[in-house]
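The primary structure of each chain is shown beneath.
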Amino acid sequence: MASSSQIQPQPGAGRIAAAMAGQPQAVLIVLLLLLCGAISLAAAQFYSLANIIAILRQSALVLIVAAGMTTLLIGGEVDLSVGASLAFTGCVAMDATNRSGSVPVGALAALAFAGAVGLFNGLVVTRLRVNSLIATIATMMILQGGVYLYTREAVQNQHHLAAFTGIGAGYLGAFPIPVLLAAAVFAAVYIALRHTLFGRYTYALGANPIAARLSGLRVRRLKLAGFVITGLLVGVTGLILCSLMNAGQPTAGRGFELTVIAAVILGGTSLAGGRGSLIGTLLGVLVLKVIDNGIIILRWNQDFQMVVPGVVIVAATWLDTVRVRRRAV
Amino acid sequence: MLSDPHSPALAMQGIGKQFPGVVALADVDLTLTGGQVHALIGENGAGKSTLIKILAGVYQKDSGSIRIGGVEAELRTPRDALRLGIKVVFQEIALIPEFTVAENIFLERHPVNRIGSIAWGKLRADAKALFDRLGFAVDPGARARDLPISTQQMVEIARALAHEARIVVMDEPTSSLTPKEVALLFTVIRRLKSLGIAVVYVSHKLDEIFEIADTVTVLRDGRHISTKPVAAHTQDSLIQDMIGRRIEFLFPRARGPARSDVLLSVRGLSTKDKLRDVSFEVRAGEVFGFFGLLGAGRTELAKAIVGFDPIRSGEIAIGGQPLRPHDTRTGVALGIGLLTEDRKTEGLMLEQSVQHNMSLAALGGFAVAGFVQEARERSAVQGFVDRLRVRTPGLDRPIRDLSGGNQQKVLLSRWLLRGLKVIVVDEPTRGIDVGAKSEIFALIDRLAGEGHAVVMMTSEMPELLGLSDRIAVMANGRITATMPRADATQEGLLSAAIA
């Protein structure tokens, strides 16, 4: 594969084209720049600090879960229960904080609940050998119904702890806390995928599960880890979301799993497993969230928030196959 | 199409093709005559696959010309090739598993009745008529996925007739056939000849070429080396053309006699559906060969003793340690590993780099606190690439770009890097050509010489007789005979395999 270091310097447009051919994320980067350029021409407030922070905060929520989903997809599995789990986790977090009057207890409850959902998914997939698509759809249904057994309506904030609100709305220096959390998650998962045994084994598992087993890898444990990690990251996001909404909303997170998977696929991760990158996922999240934001500040019909990303996914995936073909032949 | 009856069925002239960094073909000619079998041979990376993919319309030539029946032709897509009468039967059969034989044959042109719906009765009758012309009986209503590979191949050939193909290309058609099925295939090929069809036969098996081909073209490093009538060749002269040097010994034996310490012991091994009471021992420095017909249970045995497939009863010990629990993780830890017969689906991570493919089983050894020390990994991998002379443009190149022989070296290195006591190789030279084969043989010999125990499953008799110290024959999941190589004859092995 031509790495960027091997590309000879060339003048002007040729150089850009050559750099694009070597960069798997080229299409997304160009797309993102074009989107930002076009929206800011139409609405100058796009570049206001408040708007940029809003985009980053929205992106942070998706990115945290998408980091886990990228790991799962690379390993050849998928988790469709993340949206339902997100809503349930928010209710659990708010309820636990109300009862204990302690933010750490609420946070731990959120992580424990969502982590347990991940563990459950992982066990169903690895022990009962249910296909992960089916297993996690089932989990999604269980959670969507289960949350109403747990609470008929939104769990309101009765504790009024400033620290709880700070998780979603607070700042550390100039940076919103959710964005810092997302950055930390991004860095950790990036390093895990690129430089650790866990990451390399995950790629191997997705690329060829038989070869992975023959090589003595602990295939089941590896899959289980992917589901638990994703679960824990849903816990983090559930906590942030519940803090931002100042309530545990049983209806929150509808369709969230689709946004997450769309971002990961847009970022070039293969549904078939074995191939993908977290950088791609980051770009995928940003593209989707900039589109969302653009539709809002341009005052378009909000229904376009579903339509446009759908079109973008098809277009970007197509452009990427064209790029790969150019390079290969 | 107007064509001159005296012009060749197909003339490819000065064909050139480049891939980034590689010249795959340079100035290659190939001329086919109707009613003749033209063998195309060459080592790994000689350009055979590229040439037939150009013929199939899968790749586009960069230079040269293709004339079909004397008329200049452009083959831009597989559809173009089919339309111009070229049918390629690839190694990986391209039937639709859920469709019937008849539906597969007429996939592109279902016969329809007056109201435009598919005429199912006619479909079956037409399919049956085609098989009659081929001298071969297949139930047109059978589903493709229920048929053995050999029959699926016949269906592919029938598709060629359905398209009125004048040129049929077969890529390694016998690589997964039993001797009986090969004989049947040859009968069908002779039938194609009698129908005036030009057949291109790509194979690594020289004895087959002497049996079936009229003319043979040798490619080497993307260049045309020779085209001669088969009668003008001896086995030696063919090999010499292929590799550009003479192989004195296809099976060099450099190692000494086996040592006394038993590295693998299998006692009374049975599985749920195949193996029955299998017992044997393999010593350090020994190559223990398993022979058997298709379905005898060799692959099942290979997968059971490395811990991949579950066993029902019996004892497996590696270096004196029982394989318990019975899984691959324990197997690898004790020092047993399998080089699988099916490189693509069970061995390779096709999209991943040479380095990542090679280091997979040994990666834990390069890690400190869970972090892979990439510099150490890389230099170890580079060491094996050099030692085994793996031909690759770079360690970061996806392994799919390597030839079969070089892929096999990488997979063997996966285990060498890990350091095993016992290595089980299942059909180690499948889909690999002569030059690379002898390199793999030399490697297996060297492994045994270094004190490994090697278990080799093979259906290639010369390979078995050339490399093994002892030979066991399997039939119906049992060992029916065990003999030292000195006592083994082809007849003796076969009669034990049929027993």
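Model, not experiment: these values are computed from the prediction.

Colleague: Please explain the overall build of chain A as it appears in this structure.
Modeller: Regarding its fold elements, chain A presents 14 helices and four strands. A globule of 329 residues ought to have a C-alpha radius of gyration of about 20 Å, and chain A, at 20 Å, matches this closely. Based on the C-alpha atoms only, the size of chain A along its principal axes is roughly 65 × 60 × 35 Å. The buried share among the 329 residues of chain A stands at 52%. Taking contacts inside chain A between residues at least 6 apart in sequence as the whole, the part at least 24 apart equals 77%. Of the accessible surface of chain A, which amounts to about 15100 Å², a share of 69% is contributed by carbon and sulfur atoms. One finds the centroid of the 21 positive side-chain charges in chain A at a distance of 14 Å from the centroid of its 8 negative side-chain charges.

Colleague: Where do I start with the sheet that holds strand β6 (residues 86–89) of chain B in this structure?
Modeller: Within a beta sheet, neighbouring strands are joined by backbone hydrogen bonds and run either parallel or antiparallel to one another. Residue and element names in this part refer to chain B. Spatially, β6-β7-β8-β3-β9-β10 is the arrangement adopted by the six strands of the open sheet, whose pairing is mixed. Edge positions in the sheet fall to β6 and β10 (223–229), since each of these pairs with one other strand and no more. Strand-to-strand, the axes of this sheet are offset by a mean angle of 20 degrees, without reference to chain direction. Inspection of the sheet shows strand β3 (residues 37–42) paired to strand β9 (residues 215–220) by five bridges, in the parallel sense. Within β9, the residue paired with Ile41 across the bridge is Val218. In this fold helix α5 (residues 149–162) packs onto β6 and β7 (167–171), with an angle of close to 175 degrees to the strand it touches most, β6. Here helix α8 (residues 235–243) sits on the sheet in contact with β3, β9 and β10, set at roughly 30 degrees to β9.

Colleague: What should I look at first to understand the interface of chain A and chain B in this one?
Modeller: The extent of an interface is frequently quoted as the accessible surface area lost upon association of the parts. Residue-level contacts link 26 residues of chain A with 35 residues of chain B. Taken together, the two surfaces of chain A and chain B that pack against each other cover about 2400 Å², and 57% of this comes from carbon and sulfur. The tally of links between chain A and chain B comes to one salt bridge. Our count for the chain A to chain B interface comes out at 13 residue pairs in polar contact (both at pLDDT 80 or more). Secondary structure elements with two or more residues in the side of chain A that touches chain B: α8 (177–195), α9 (197–207), α10 (209–214) and α14 (304–328) of chain A.

Colleague: Help me out: how do you make sense of the layout of surface pockets in this one?
Modeller: Taking a probe equal in size to a water molecule and rolling it over the atoms shows the remaining empty space. Residues and elements named next belong to chain B. Roughly 1000 Å³ of internal volume is contained in the second largest pocket. Along the wall of the second largest pocket there are 40 residues; nearest its centre are Lys205, Asp207, Ser459, Glu460 and Pro462. If you list the elements that add at least two residues to the lining of the second largest pocket, you get α6 (179–194), α7 (206–212), α8, β13 (287–292), α15 (434–449), α16 (461–467) and α17 (490–498). Considering only residue class, the lining of the second largest pocket consists of 18 nonpolar, 11 polar and 11 charged.

Colleague: What is the right way to look at the environment of Ile66 of chain B in this model?
Modeller: Residue and element names in this part refer to chain B. Mapped onto the secondary structure, Ile66 falls in strand β4 (residues 63–68). On the basis of relative accessibility, which here comes to 1%, the residue Ile66 falls in the buried class. Along the chain, Ile66 and Ala11 lie 55 residues apart, while their C-alpha atoms are 5.7 Å from each other. Leave out the neighbours within four places in its chain, and Ile66 touches Leu10, Ala11, Met12, Ile15, Ile54, Lys61, Val71, Glu72, Ala73 and Leu75.

Colleague: Please clarify how the environment of Met141 of chain A should be interpreted in this entry.
Modeller: All names here are of chain A. With respect to the helices and strands, the residue Met141 is situated in helix α6 (residues 132–150). The class for Met141 is exposed, based on a relative accessible area of 55%. Along the chain, Met141 and Ala84 lie 57 residues apart, while their C-alpha atoms are 7.9 Å from each other.

Colleague: How do you make sense of the packing of helix α3 (residues 49–74) of chain A against helix α12 (residues 256–266) of chain A when you look at a structure like this?
Modeller: Two quantities define a packed helix pair, namely the angle between the axes and the distance from one axis to the other. Residues and elements named next belong to chain A. Where α3 meets α12, the axes come as close as 9 Å, and the angle between the chain directions of the two elements is 65 degrees. Considering the relative orientation of α3 and α12, their crossing is right-handed. Every residue of α12 that contacts α3 at Leu61, Val62, Val65, Ala66, Met69, Thr70 and Leu73 is listed here: Phe256, Thr259, Val260, Ile261, Val264 and Ile265. A class-by-class count of the residues in the contact of α3 with α12 yields 11 nonpolar, two polar and no charged.

Colleague: Got a minute to help me understand the pairing of β10 of chain B in this structure?
Modeller: Note on strand geometry: in a regular strand, side chains alternate between the two faces of the sheet. Residues and elements named next belong to chain B. Of the strand pairs in this sheet, β9 and β10 are connected by six bridges, and their pairing is antiparallel. Paired with Thr215 across the bridge in β10 is Pro229. The antiparallel pairing of β9 with β10 creates a hairpin that spans two residues between the two strands, and Asp221 there sits at a positive phi of about 50 degrees.

Colleague: Which parts of the structure should I look at to understand the state of the cysteines?
Modeller: By definition, a disulfide links the sulfur atoms of two cysteines through a covalent bond. Residue and element names in this part refer to chain A. Evaluation of the coordinates by the stated rule reveals zero disulfides over all chains. Cys91 provides the cysteine sulfur closest to Cys242, a residue in no disulfide bond, and the two sulfurs are 7.8 Å apart. Among the residues examined, Cys242 registers a relative accessible area of 1% and is labelled buried.

Colleague: Would you explain the pairing of strand β20 (residues 453–457) of chain B in this entry?
Modeller: Residues and elements named next belong to chain B. Among the five residues that make up β20, five are buried, leaving the element largely enclosed by the rest of the structure. Along β20, one buried face is formed by Ala453, Val455 and Met457 and the opposite face, lined by Val454 and Met456, is buried too. Inspection of the sheet shows β13 paired to β20 by four bridges, in the parallel sense. By the bridge assignment for β20, Phe290 is matched with Met457. Relative to β20, strand β19 (residues 422–426) runs parallel, the two sharing five bridges. Each bridged residue has a counterpart across the sheet, and for Val422 the counterpart in β20 is Ala453.

Colleague: Sorry, what's going on with the packing of aromatic side chains here?
Modeller: We describe a pair of aromatic rings using the distance from one ring centre to the other and the angle between the two ring planes. Residue and element names in this part refer to chain A. Under the counting rule described, the total for this entry stands at 10 aromatic pairs over all chains. A ring pair is formed by Trp300 and Phe304, whose centres lie 5.7 Å apart and whose planes are at 65 degrees; its orientation type is edge-to-face. For Trp300, a relative accessible area of 45% puts it in the partly exposed group. Judged by its relative accessible area of 36%, Phe304 is partly exposed.

Colleague: Whenever I open this one, the side chain of Ser265 of chain B confuses me. Can you help?
Modeller: Mapped onto the elements, Ser265 of chain B comes out in strand β11 (residues 262–270). Apart from the residues within four sequence positions on either side, Ser265 of chain B is in contact with Phe280, Glu281, Glu315, Ile316 and Ala317 of chain B.

Here is what the cut-offs are and how they apply
Residues numbered from 1 in each chain as written. Chains lettered and ligands numbered in written order. Predicted model: local features only at pLDDT ≥ 70, side-chain atom pairs only at ≥ 80, totals over all residues. Heavy atoms only, no water. Helix = DSSP H or I, 4+ residues; strand = E, 2+ residues; numbered from the N terminus. Rg over C-alpha atoms; globule rule 2.2 N^0.38 Å. Buried < 20%, exposed > 50% of the residue type's maximum accessible area, 1.4 Å probe, protein only. Contact = heavy atoms within 4.5 Å. Areas by Shrake-Rupley, 256 points an atom, 1.4 Å probe, with all protein chains shown as cover. Lys, Arg positive; Asp, Glu negative; His and termini not counted. Charge placed at Lys NZ, Arg CZ, Asp CG, Glu CD. Pairing = 2+ DSSP bridges. Axes fitted to C-alpha atoms, helices over the stretch in contact; angles between N-to-C directions. Buried area = accessible area lost by both parts, 1.4 Å probe. Salt bridge = Lys/Arg side-chain N within 4 Å of Asp/Glu carboxyl O. Polar contact = N/O pair within 3.5 Å; in protein donor to acceptor, adjacent residues only side chain to side chain. 1 Å grid on protein atoms, 1.4 Å probe; cavity = no way out; pocket = protein on both sides within 12 Å on 5 of 7 lines; lining within 4 Å. Points joined across faces, edges and corners; volume = space filled by probe spheres on them. Nonpolar A, V, L, I, M, F, W, Y, C, P; charged D, E, K, R; others polar. Left-handed = near helix turned anticlockwise from the far one by under 90°. Disulfide = S-S within 2.5 Å. Phe/Tyr/Trp six-rings, centres within 6.5 Å; stacked < 30°, edge-to-face > 60°.

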